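Residue-level structural notes
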Amino acid sequence: MNDLAIQARGLTKRFGSLMAVDHVDLQVPRANVYGFLGPNGSGKSTTIRMLCGLLTPSEGEIEVLGLRIPEQAEALRQRIGYMTQRFSLFEDLSVRENLEFLAAVQNLTRAQARARIDELLEQYRFQDRQKQLAGTMSGGQKQRLALAGAVIHQPELLFLDEPTSAVDPESRRDFWEKLFDLADAGTTLLVSTHYMDEAERCHRLAILDQGALVADGTPAELTGALQGRTLQVAARQPRQAQRALTGVPGVLSVAQIGNSLRVLLDAGSDGEQRVQQALRAAGQEAEVTPSTPNLEDVFVSATCARPSADEEVA
């Protein structure tokens, strides 16, 4: 399994009666950007903390970079980096001082630290800001600095927990370019997000819902599995058309996108015919055409197929 950076089997975490992570199996290839997609509370952060060795699983087996976790978590910490959505560096220290502190934490010698910091200042475009206090920087600059700090010891594996949730779209795009630079250099990255456009960038993707793994594959594989199940409905009165389609058997979801509707059908149903019939019955003039599935459709399909906690209890 040398081509895998992470392998988890039956990974489970309970907090009292709450099942936060529910028997998850994962295989993360090396030098890939592997995405975790899911809503808040889906178990993404808890899973990452168990994979890092920061949280002990209730059940299951974990192997990260050939090490058993949590038994060998201490040895793993020297080989991984970790970054959260919240800026975790010292705002009253300069850019360079923050990096010097992190280099000392990672036990780099003075010569190693100086060379590595100079390299990162250039790579992350901080040469003219190295004396600037971190607290005075923009959100995007702070996240770039946090990323530079997370890789100061050149980890083999980098965990990023919703790292771009507080930055603007341009900064997010720039941040992702840095992630692909790292992957090209051989670093494995596991990135949790709830942004569909970020999920589309990943080499592979896992979708979590209520602690369970509900989909896993490349974006192309996941969207390809929904081929023939998405429709576009162009109606003169889209809100009325949406109401006419809501609850129709075989229709999983109806969402308005601009002046048209996007309809997701259940697998193996005659949903398209039912859509046409429901629109005619409601007196709605509309053009119904097949549409290309996207990751939002994948997410809705995967999560609709899983009953809610209330339904499971019932």
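The rules behind these values
Residues numbered from 1 in each chain as written. Predicted model: local features only at pLDDT ≥ 70, side-chain atom pairs only at ≥ 80, totals over all residues. Heavy atoms only, no water. Helix = DSSP H or I, 4+ residues; strand = E, 2+ residues; numbered from the N terminus. Buried < 20%, exposed > 50% of the residue type's maximum accessible area, 1.4 Å probe, protein only. Contact = heavy atoms within 4.5 Å. Areas by Shrake-Rupley, 256 points an atom, 1.4 Å probe, with all protein chains shown as cover. Lys, Arg positive; Asp, Glu negative; His and termini not counted. Charge placed at Lys NZ, Arg CZ, Asp CG, Glu CD. Pairing = 2+ DSSP bridges. Axes fitted to C-alpha atoms, helices over the stretch in contact; angles between N-to-C directions. Arc of directions from axis to C-beta. 1 Å grid on protein atoms, 1.4 Å probe; cavity = no way out; pocket = protein on both sides within 12 Å on 5 of 7 lines; lining within 4 Å. Points joined across faces, edges and corners; volume = space filled by probe spheres on them. Nonpolar A, V, L, I, M, F, W, Y, C, P; charged D, E, K, R; others polar. Core = buried A, V, L, I, M, F, W, Y, C linked by side-chain atoms within 4.5 Å.

As a further point, take the overall build of the protein chain. In terms of regular secondary structure, the protein chain is built from 12 helices and 14 strands. The C-alpha extent of the protein chain, read off along each of the three principal axes, is 75 × 45 × 35 Å. By the burial criterion, 48% of the 314 residues in the protein chain qualify as buried. The contacts of the protein chain with a sequence gap of at least 6 include a subset with a gap of at least 24, amounting to 69%. Looking at the protein chain as shown, the accessible area adds up to about 15300 Å², and 46% of this sits on carbon and sulfur atoms. Charge centroids of the protein chain, computed over 32 positive and 41 negative side chains, lie 3 Å from each other.

Time to look at the sheet that holds strand β13 (residues 260–265). Taken in spatial order, the 4 strands make up an open sheet running β12-β13-β11-β14, and their pairing is antiparallel. Looking along the sheet, the strands with just one partner apiece sit at the ends: β12 (251–257) and β14 (286–290). Neighbour-to-neighbour, the strand axes of the sheet open up by a mean angle of 25 degrees, direction not taken into account. Of the strand pairs in this sheet, β12 and β13 are connected by 6 bridges, and their pairing is antiparallel.

Moving on, we get to helix α10 (residues 271–281). Along α10, the residues that are buried comprise Gly271, Val275, Ala278 and Leu279. Each buried residue of α10 lies within a common arc of 95 degrees when the element is viewed along its axis, so the set occupies one face. Across from the buried face of α10, at angles greater than 90 degrees, the exposed residues are Arg280 and Ala281. Elements that come into contact with the buried residues of α10 comprise β11 (230–235), α9 (238–245), β12, β13 and β14.

Turning our attention to the sheet that holds strand β9 (residues 204–209). Pairing in this open sheet of 6 strands is mixed, and the strands run β6-β7-β8-β3-β9-β10 from one edge to the other. In the strand order of this sheet, the two ends are held by β6 (80–84) and β10 (212–217), each with one partner. Strand-to-strand twist in this sheet, taken as the mean axis angle between neighbours without regard to direction, amounts to 15 degrees. Judged from the 4 bridges that link them, strand β3 (residues 33–37) and β9 form a sheet pairing that is parallel. For Leu37, the partnering residue across the bridge sits in β9 and is Ile207. Strands in contact with helix α5 (residues 139–150) are β6 and β7 (157–161); relative to β6, the strand with the most contacts, it is inclined by about 160 degrees. The strands touched by helix α11 (residues 295–304) are β3, β9 and β10; relative to β9, the strand with the most contacts, the crossing angle is about 40 degrees.

Next up on the list: the layout of surface pockets. Approximately 510 Å³ is the volume attributed to the largest pocket. Ile80, Gly81, Tyr82, Gln106 and His153 are the residues nearest the centre of the largest pocket, which is lined by 21 residues in total. Among the secondary structure elements, those contributing two or more residues to the lining of the largest pocket are β6, α3 (95–105) and α5. With 5 residues, β6 is the single largest residue contributor to the lining of the largest pocket. Class assignment for the residues of the lining of the largest pocket results in 13 nonpolar, 7 polar and 1 charged. As for the second largest pocket, its lining consists of Arg116, Glu119, Gln123, Tyr124, Val151, Gln154, Pro155, Lys178, Asp181, Leu182, Ala185 and Thr187. At the level of secondary structure, the elements contributing two or more residues to the lining of the second largest pocket comprise α4 (110–123) and α6 (169–184). Residue composition of the lining of the second largest pocket, by class: 5 nonpolar, 3 polar and 4 charged.

To continue, consider α9. Residues of α9 that are buried: Pro238, Ala241, Gln242 and Leu245. The buried residues of α9 occupy an angular sector of 105 degrees when projected down its axis, which confines them to one face. As for α9, its buried residues are in contact with β11, β12, β13 and α10. Gly247 lies just past α9 and shows a positive phi near 90 degrees.

Ranked by size, the top nonpolar core spans 34 residues in total, and within it Leu145, Leu147, Leu160, Leu179 and Leu189 carry the most contacts. For this core, the secondary-structure elements that each account for two or more residues are α3, α4, α5, β7, α6 and β8 (188–193). Contact partners of Leu145, with chain neighbours within four places excluded, come to Phe87, Leu89, Val95, Asn98, Leu99, Phe126, Ala134 and Met137. Residues Leu11, Met50, Ile69 and Phe159 belong to the second largest nonpolar core, which totals 26 residues.

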